[in-house]
Amino acid sequence: MKLLRALSKHPLAITGLVILLGFLVVAMLAPLLTPHDPLQQHLRARLLPPFWLPGGTLEYPLGTDQLGRDLLSRIIQGSRVAVLVAFGATTLVILVGTTVGLLSGFFGGLLDTATMRVVDVIISVPDIILYLTIIALAGPSLTLVIVVIGLVGWTTLARVVRSEVLTLRRREYVEAARALGQAELTSAFRQVLPNVLGTVVAIATLKASSVIIAESTLSYLGFGVQPPTITWGQLLAQGQQYVATAWWLSTFPGLAITLLSLSLIFLGNFLRDLFDPRSNG
(Lines give C-alpha, C1' and ligand atoms only; values in the text may rest on other atoms or scores of the structure.)
Protein backbone atom coordinates (compact mmCIF):
# COMPACT_ATOMS: atom_id res chain seq x y z
CA MET A 1 0.00 0.00 0.00
CA LYS A 2 1.05 3.56 -0.71
CA LEU A 3 0.54 4.56 2.92
CA LEU A 4 2.76 1.78 4.28
CA ARG A 5 5.50 2.46 1.72
CA ALA A 6 5.47 6.14 2.58
CA LEU A 7 5.45 5.37 6.30
CA SER A 8 8.50 3.12 5.97
CA LYS A 9 10.51 6.12 4.74
CA HIS A 10 9.66 8.28 7.77
CA PRO A 11 11.33 7.09 10.99
CA LEU A 12 9.70 9.85 13.04
CA ALA A 13 6.24 8.84 11.84
CA ILE A 14 6.95 5.20 12.71
CA THR A 15 8.21 6.28 16.13
CA GLY A 16 5.07 8.36 16.65
CA LEU A 17 2.83 5.47 15.62
CA VAL A 18 4.56 3.04 17.99
CA ILE A 19 4.32 5.49 20.91
CA LEU A 20 0.67 6.26 20.15
CA LEU A 21 -0.27 2.59 19.94
CA GLY A 22 1.55 2.00 23.21
CA PHE A 23 -0.46 4.69 24.97
CA LEU A 24 -3.71 3.36 23.49
CA VAL A 25 -2.96 -0.14 24.77
CA VAL A 26 -2.04 1.21 28.21
CA ALA A 27 -5.23 3.29 28.37
CA MET A 28 -7.46 0.38 27.37
CA LEU A 29 -5.80 -2.09 29.74
CA ALA A 30 -5.16 0.35 32.59
CA PRO A 31 -7.04 -1.62 35.28
CA LEU A 32 -4.94 -4.69 34.44
CA LEU A 33 -1.61 -2.88 34.16
CA THR A 34 -1.61 -0.78 37.33
CA PRO A 35 0.60 -2.53 39.92
CA HIS A 36 -1.25 -0.80 42.79
CA ASP A 37 -4.58 0.85 43.44
CA PRO A 38 -3.86 4.41 42.19
CA LEU A 39 -6.02 5.88 44.97
CA GLN A 40 -4.68 3.76 47.82
CA GLN A 41 -2.61 5.73 50.35
CA HIS A 42 0.48 4.29 52.06
CA LEU A 43 1.75 7.04 54.34
CA ARG A 44 4.75 5.00 55.48
CA ALA A 45 5.89 4.86 51.86
CA ARG A 46 5.36 8.56 51.06
CA LEU A 47 7.76 10.34 48.68
CA LEU A 48 9.78 7.27 47.79
CA PRO A 49 12.10 7.98 44.83
CA PRO A 50 12.19 5.89 41.62
CA PHE A 51 13.69 2.42 42.04
CA TRP A 52 17.13 3.31 40.57
CA LEU A 53 17.76 6.01 43.20
CA PRO A 54 18.88 5.40 46.79
CA GLY A 55 15.84 4.55 48.89
CA GLY A 56 13.78 3.47 45.88
CA THR A 57 12.17 0.07 45.45
CA LEU A 58 10.86 -2.00 42.54
CA GLU A 59 7.54 -2.20 44.36
CA TYR A 60 7.05 1.44 43.32
CA PRO A 61 9.10 1.72 40.08
CA LEU A 62 8.55 5.48 39.55
CA GLY A 63 8.28 6.34 43.24
CA THR A 64 5.35 7.54 45.31
CA ASP A 65 3.65 10.85 45.99
CA GLN A 66 3.13 12.82 49.20
CA LEU A 67 0.42 10.38 50.31
CA GLY A 68 2.33 7.24 49.41
CA ARG A 69 0.32 6.52 46.26
CA ASP A 70 2.12 4.68 43.45
CA LEU A 71 3.05 7.21 40.75
CA LEU A 72 3.26 4.65 37.94
CA SER A 73 -0.27 3.43 38.67
CA ARG A 74 -1.56 7.01 38.71
CA ILE A 75 0.11 7.86 35.40
CA ILE A 76 -1.33 4.72 33.80
CA GLN A 77 -4.79 5.56 35.11
CA GLY A 78 -4.44 9.17 33.92
CA SER A 79 -3.75 7.97 30.38
CA ARG A 80 -7.40 6.93 30.11
CA VAL A 81 -8.63 10.51 30.51
CA ALA A 82 -5.98 11.85 28.11
CA VAL A 83 -6.92 9.37 25.39
CA LEU A 84 -10.67 9.75 25.95
CA VAL A 85 -10.56 13.55 25.81
CA ALA A 86 -8.27 13.49 22.76
CA PHE A 87 -10.59 11.10 20.92
CA GLY A 88 -13.85 12.80 21.94
CA ALA A 89 -12.78 16.40 21.36
CA THR A 90 -11.00 15.61 18.09
CA THR A 91 -14.10 13.81 16.83
CA LEU A 92 -16.12 16.95 17.51
CA VAL A 93 -13.49 19.06 15.75
CA ILE A 94 -13.72 16.80 12.70
CA LEU A 95 -17.53 16.77 12.59
CA VAL A 96 -18.02 20.51 13.10
CA GLY A 97 -14.97 21.79 11.24
CA THR A 98 -15.43 19.57 8.19
CA THR A 99 -19.18 20.24 7.90
CA VAL A 100 -18.85 24.00 8.33
CA GLY A 101 -15.89 24.28 5.97
CA LEU A 102 -17.53 22.07 3.34
CA LEU A 103 -20.86 23.89 3.29
CA SER A 104 -19.29 27.34 3.53
CA GLY A 105 -16.89 26.74 0.66
CA PHE A 106 -19.36 24.88 -1.55
CA PHE A 107 -22.33 27.23 -1.31
CA GLY A 108 -20.47 30.51 -0.73
CA GLY A 109 -22.47 33.72 -0.61
CA LEU A 110 -24.09 34.88 2.61
CA LEU A 111 -23.52 31.52 4.32
CA ASP A 112 -19.79 31.72 3.62
CA THR A 113 -19.54 35.34 4.78
CA ALA A 114 -21.45 34.71 8.02
CA THR A 115 -19.52 31.54 8.79
CA MET A 116 -16.13 33.15 8.27
CA ARG A 117 -17.09 36.06 10.53
CA VAL A 118 -17.98 33.59 13.28
CA VAL A 119 -14.63 31.89 12.75
CA ASP A 120 -12.84 35.25 12.96
CA VAL A 121 -14.56 36.06 16.25
CA ILE A 122 -13.67 32.70 17.81
CA ILE A 123 -10.05 32.91 16.64
CA SER A 124 -9.70 36.44 17.99
CA VAL A 125 -10.21 35.18 21.57
CA PRO A 126 -7.47 32.98 23.08
CA ASP A 127 -8.69 29.40 23.44
CA ILE A 128 -7.80 29.17 27.12
CA ILE A 129 -10.01 32.19 27.89
CA LEU A 130 -12.99 30.52 26.23
CA TYR A 131 -12.29 27.23 28.01
CA LEU A 132 -12.06 28.83 31.44
CA THR A 133 -15.09 31.08 30.94
CA ILE A 134 -17.44 28.31 29.81
CA ILE A 135 -16.25 25.74 32.34
CA ALA A 136 -16.35 28.27 35.19
CA LEU A 137 -19.98 29.05 34.35
CA ALA A 138 -21.14 25.46 33.80
CA GLY A 139 -18.96 23.58 36.27
CA PRO A 140 -16.11 21.19 35.37
CA SER A 141 -16.81 17.65 34.22
CA LEU A 142 -15.28 15.17 31.79
CA THR A 143 -18.11 15.57 29.29
CA LEU A 144 -17.98 19.36 29.41
CA VAL A 145 -14.19 19.40 28.94
CA ILE A 146 -14.55 17.26 25.80
CA VAL A 147 -17.40 19.38 24.40
CA VAL A 148 -15.77 22.74 25.15
CA ILE A 149 -12.38 21.83 23.68
CA GLY A 150 -14.06 20.30 20.63
CA LEU A 151 -16.42 23.19 19.95
CA VAL A 152 -13.72 25.83 20.37
CA GLY A 153 -11.08 24.06 18.29
CA TRP A 154 -12.82 23.49 14.94
CA THR A 155 -12.03 26.82 13.32
CA THR A 156 -8.64 25.98 11.78
CA LEU A 157 -9.98 22.82 10.18
CA ALA A 158 -13.01 24.69 8.83
CA ARG A 159 -10.80 27.29 7.17
CA VAL A 160 -8.55 24.71 5.53
CA VAL A 161 -11.47 22.61 4.29
CA ARG A 162 -13.23 25.70 2.95
CA SER A 163 -10.09 26.71 1.06
CA GLU A 164 -9.86 23.32 -0.64
CA VAL A 165 -13.57 23.15 -1.39
CA LEU A 166 -13.47 26.53 -3.15
CA THR A 167 -11.20 24.90 -5.73
CA LEU A 168 -12.82 21.47 -5.86
CA ARG A 169 -16.36 22.73 -6.43
CA ARG A 170 -15.36 23.93 -9.92
CA ARG A 171 -13.91 20.59 -11.03
CA GLU A 172 -15.39 18.83 -14.06
CA TYR A 173 -16.79 15.87 -12.13
CA VAL A 174 -18.74 18.20 -9.84
CA GLU A 175 -20.15 20.12 -12.79
CA ALA A 176 -21.04 16.84 -14.46
CA ALA A 177 -22.96 15.70 -11.38
CA ARG A 178 -24.89 18.96 -11.40
CA ALA A 179 -25.67 18.55 -15.09
CA LEU A 180 -27.11 15.11 -14.36
CA GLY A 181 -29.49 16.66 -11.85
CA GLN A 182 -27.73 15.76 -8.61
CA ALA A 183 -28.78 18.01 -5.72
CA GLU A 184 -26.26 20.60 -4.55
CA LEU A 185 -26.05 19.20 -1.02
CA THR A 186 -25.59 15.68 -2.35
CA SER A 187 -22.79 16.87 -4.63
CA ALA A 188 -21.05 18.52 -1.71
CA PHE A 189 -20.96 15.33 0.33
CA ARG A 190 -20.54 12.76 -2.46
CA GLN A 191 -18.28 14.52 -4.94
CA VAL A 192 -16.27 17.00 -2.86
CA LEU A 193 -16.03 15.60 0.67
CA PRO A 194 -14.05 12.43 -0.23
CA ASN A 195 -11.34 14.61 -1.79
CA VAL A 196 -10.70 16.57 1.40
CA LEU A 197 -10.69 13.63 3.83
CA GLY A 198 -6.91 13.23 3.63
CA THR A 199 -6.41 16.82 4.73
CA VAL A 200 -9.01 16.38 7.45
CA VAL A 201 -7.21 13.34 8.88
CA ALA A 202 -3.84 15.11 8.84
CA ILE A 203 -5.09 18.25 10.58
CA ALA A 204 -7.17 16.26 13.07
CA THR A 205 -4.09 14.27 14.10
CA LEU A 206 -2.18 17.48 14.76
CA LYS A 207 -5.21 18.91 16.56
CA ALA A 208 -5.36 15.90 18.88
CA SER A 209 -1.94 16.91 20.19
CA SER A 210 -3.17 20.38 21.17
CA VAL A 211 -6.29 18.81 22.70
CA ILE A 212 -4.13 16.76 25.08
CA ILE A 213 -2.18 19.85 26.09
CA ALA A 214 -5.40 21.84 26.56
CA GLU A 215 -6.92 19.16 28.80
CA SER A 216 -3.73 18.94 30.85
CA THR A 217 -3.66 22.72 31.21
CA LEU A 218 -7.25 22.84 32.43
CA SER A 219 -6.62 20.04 34.92
CA TYR A 220 -3.44 21.76 36.11
CA LEU A 221 -5.43 24.95 36.75
CA GLY A 222 -8.20 23.03 38.52
CA PHE A 223 -10.81 23.57 35.81
CA GLY A 224 -10.58 20.15 34.20
CA VAL A 225 -11.76 16.73 35.29
CA GLN A 226 -12.09 16.69 39.06
CA PRO A 227 -10.71 14.17 41.60
CA PRO A 228 -10.96 11.32 42.34
CA THR A 229 -10.61 10.88 38.57
CA ILE A 230 -6.89 11.08 37.84
CA THR A 231 -5.43 13.22 35.07
CA TRP A 232 -1.87 14.06 34.11
CA GLY A 233 -2.52 17.77 34.64
CA GLN A 234 -3.59 17.08 38.22
CA LEU A 235 -0.40 15.11 38.83
CA LEU A 236 1.65 18.04 37.55
CA ALA A 237 -0.16 20.46 39.85
CA GLN A 238 0.16 18.18 42.88
CA GLY A 239 3.87 17.61 42.28
CA GLN A 240 4.71 21.27 41.74
CA GLN A 241 5.24 22.07 45.42
CA TYR A 242 7.65 19.14 45.74
CA VAL A 243 9.66 19.86 42.61
CA ALA A 244 12.85 20.61 44.59
CA THR A 245 12.73 17.49 46.77
CA ALA A 246 10.62 15.00 44.77
CA TRP A 247 11.19 15.92 41.15
CA TRP A 248 9.67 12.68 39.87
CA LEU A 249 6.15 13.75 40.87
CA SER A 250 5.99 16.33 38.07
CA THR A 251 8.68 15.01 35.71
CA PHE A 252 7.05 11.69 34.77
CA PRO A 253 3.51 13.04 34.17
CA GLY A 254 5.07 15.85 32.12
CA LEU A 255 7.05 13.28 30.15
CA ALA A 256 3.85 11.32 29.45
CA ILE A 257 2.12 14.46 28.13
CA THR A 258 5.16 15.29 25.98
CA LEU A 259 5.51 11.80 24.50
CA LEU A 260 1.83 11.43 23.60
CA SER A 261 1.71 14.94 22.11
CA LEU A 262 4.91 14.40 20.11
CA SER A 263 3.66 11.07 18.75
CA LEU A 264 0.61 12.83 17.32
CA ILE A 265 2.70 15.68 15.95
CA PHE A 266 5.04 13.23 14.18
CA LEU A 267 2.08 11.39 12.66
CA GLY A 268 0.26 14.60 11.79
CA ASN A 269 3.29 16.05 9.99
CA PHE A 270 3.70 12.81 8.03
CA LEU A 271 0.02 12.75 7.01
CA ARG A 272 0.06 16.44 6.11
CA ASP A 273 3.01 15.92 3.77
CA LEU A 274 1.46 12.75 2.36
CA PHE A 275 -1.82 14.42 1.41
CA ASP A 276 -0.36 17.79 0.39
CA PRO A 277 -0.70 18.01 -3.39
CA ARG A 278 2.42 20.19 -3.58
CA SER A 279 4.51 17.37 -2.08
CA ASN A 280 3.38 14.93 -4.78
CA GLY A 281 4.74 16.82 -7.71
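All values reported here derive from a predicted model rather than from experimental measurement.

Participant: Is there a simple way to think about the overall build of the chain in this case?
Facilitator: A tally of helices and strands in the chain yields 13 helices and 0 strands. Listed by position from the N terminus, the elements making up the chain come as α-α-α-α-α-α-α-α-α-α-α-α-α. If one aligns the C-alpha atoms of the chain with their principal axes, the spans along those axes are about 80 × 50 × 30 Å. Relative to its 281 residues, the chain shows a buried fraction of 44%. Across the chain, the fraction of contacts at a sequence separation of at least 24, relative to all contacts at a separation of at least 6, is 71%. Put simply, the chain shows about 14100 Å² of open surface, and 68% of that area lies on carbon and sulfur atoms. Distance between charge centroids for the chain: 3 Å, based on 19 positive and 14 negative side chains.

Participant: Can you walk me through the packing of aromatic side chains in this structure?
Facilitator: Considering all chains together, one arrives at 6 aromatic pairs under this definition. Taking 6.1 Å as the distance between ring centres and 90° as the angle between the ring planes, the aromatic pair formed by Trp52 and Phe252 counts as edge-to-face. One end of the pair, Trp52, is in the loop between α3 (30-33) and α4 (71-107); the other, Phe252, is in helix α13 (residues 248-275), and 200 residues separate them in sequence. Given a relative accessible area of 45%, Trp52 falls into the partly exposed group. A network of ring pairs unites the aromatic residues Phe51, Trp52, Trp247, Trp248 and Phe252 as a single cluster.

Participant: I keep staring at helix α6 (residues 127-138) and nothing clicks. Help me out?
Facilitator: Residues that lie three or four places apart on an α-helix share one face, since the helix turns once every 3.6 residues. Between its first and last C-alpha, α6 extends 17 Å over 12 residues, near the 16 Å set by a 1.5 Å rise per residue. Looking one or two residues beyond α6, the residue adopting positive phi is Gly139, at roughly 95°.

Participant: What is the right way to read the packing of α4 against helix α11 (residues 197-221) from this model?
Facilitator: Between two packed helices, what matters for the description is the angle formed by their axes and the separation of those axes. Remark: α4 packs on α11, axes separated minimally by 8 Å, with the N-to-C direction vectors making an angle of 135°. In this view, α4 runs oblique relative to α11, as classed from their interaxial angle. As for how α4 packs across α11, the hand of that crossing is right-handed. Residues Val81, Ala82, Val85, Ala86, Ala89, Thr90, Val93, Ile94 and Thr98 of α4 pack against Val200, Ala204, Lys207, Ala208, Val211, Ile212 and Glu215 of α11. Of the residues that constitute the contact of α4 with α11, the class distribution is 12 nonpolar, 2 polar and 2 charged.

Participant: Sorry if this is basic, but what is going on with the packing of helix α2 (residues 11-28) against α4 here?
Facilitator: As a packed pair, α2 and α4 sit with axes 8 Å apart at the nearest point and diverge in direction by 110°. Taken as axis vectors, α2 and α4 run roughly perpendicular relative to one another. Here α2 contributes Phe23, Leu24, Val26, Ala27 and Met28 to the contact with α4, which in turn contributes Ile76, Ser79, Arg80 and Val83. Among the residues forming the contact of α2 with α4, the class breakdown is 7 nonpolar, 1 polar and 1 charged.

Participant: Help me out: how do you make sense of the pattern of salt bridges in this one?
Facilitator: When the charged atoms of two side chains with opposite charge come close together, those side chains can pair. Per the stated rule, a full pass over the model turns up 5 salt bridges. Among the salt bridges present, the one from Asp65 reaches Arg74, with a minimum N-O distance of 3.7 Å. For the pair Asp65 and Arg74, a shared accessibility class is recorded, and that class is buried. Asp120 is paired through a salt bridge with Arg117; the nearest N and O atoms lie 2.9 Å apart. Note that Asp120 and Arg117 are positioned in helix α5 (residues 109-124) at a spacing of 3 residues, about one turn of the helix. When its relative accessible area of 28% is taken as the criterion, Asp120 is described as partly exposed. Several salt bridges share partner residues, and in doing so they unite Asp65, Arg69 and Arg74 into one network.

Participant: Help me out: how do you make sense of unusual backbone geometry in this one?
Facilitator: Excluding glycine, a negative phi dihedral is what most residues carry, and trans is how most peptide bonds are arranged. The linkage connecting Pro227 with the following residue, Pro228, adopts the cis geometry, with an omega of 10°. With respect to the secondary-structure elements, Pro228 resides in the loop between α11 and α12 (232-240). Backbone geometry places Leu47, a non-glycine residue, at a positive phi of 55°. With respect to the secondary-structure elements, Leu47 resides in the loop between α3 and α4.

Calculation rules
- Per chain, residues are indexed from 1 in the order of the written sequence.
- This being a predicted model, a pLDDT of at least 70 is required before a residue's local features are given, and a value of 80 or more before pairs of side-chain atoms are given or counted; all residues contribute to the totals for chains, interfaces and linings.
- Excluding hydrogens and water, the side-chain values take into account all heavy atoms of the structure.
- Here a strand is any run of E in DSSP of at least two residues, a helix any run of H or I of at least four, and the numbering for each starts at the N terminus.
- The rule is simple: take the accessible area with a 1.4 Å probe, protein chains only, and divide by the maximum for that residue type; under 20% is buried, over 50% is exposed, in between is partly exposed.
- Note on contacts: a residue pair is in contact if any heavy atoms of the two residues lie within 4.5 Å.
- Per-residue and other accessible areas were derived by the Shrake-Rupley procedure at a 1.4 Å probe size, with only the shown protein chains allowed to occlude residues.
- We count Lys and Arg on the positive side and Asp and Glu on the negative side, and we leave His and both chain ends out.
- Each charge is placed at NZ for Lys, CZ for Arg, CG for Asp and CD for Glu.
- In this scheme Phe, Tyr and Trp rings, the latter by its six-membered ring, pair at centre separations within 6.5 Å, and the angle between planes marks the pair as stacked below 30 degrees, edge-to-face above 60, and tilted otherwise.
- One less than the number of residues in a helix, times 1.5 Å, gives the span that helix is expected to have.
- Convention adopted: a line fitted to C-alpha atoms gives each axis, helices being fitted over their contacting stretch, and angles between N-to-C directions are expressed from 0 to 180 degrees.
- Any angle between 65 and 115 degrees counts as roughly perpendicular, while under 35 counts as roughly parallel, over 145 as roughly antiparallel, and the rest as oblique.
- The crossing is said to be left-handed when, going from far helix to near helix, the turn is anticlockwise and less than a right angle, and right-handed when the turn is clockwise.
- Amino acids outside the nonpolar list (Ala, Val, Leu, Ile, Met, Phe, Trp, Tyr, Cys, Pro) and the charged list (Asp, Glu, Lys, Arg) are all regarded as polar, and Gly is one of them.
- Here, a salt bridge means any Lys or Arg side-chain nitrogen found within 4 Å of an Asp or Glu carboxyl oxygen.

Remember, this is a structural readout, not a statement about activity or role.
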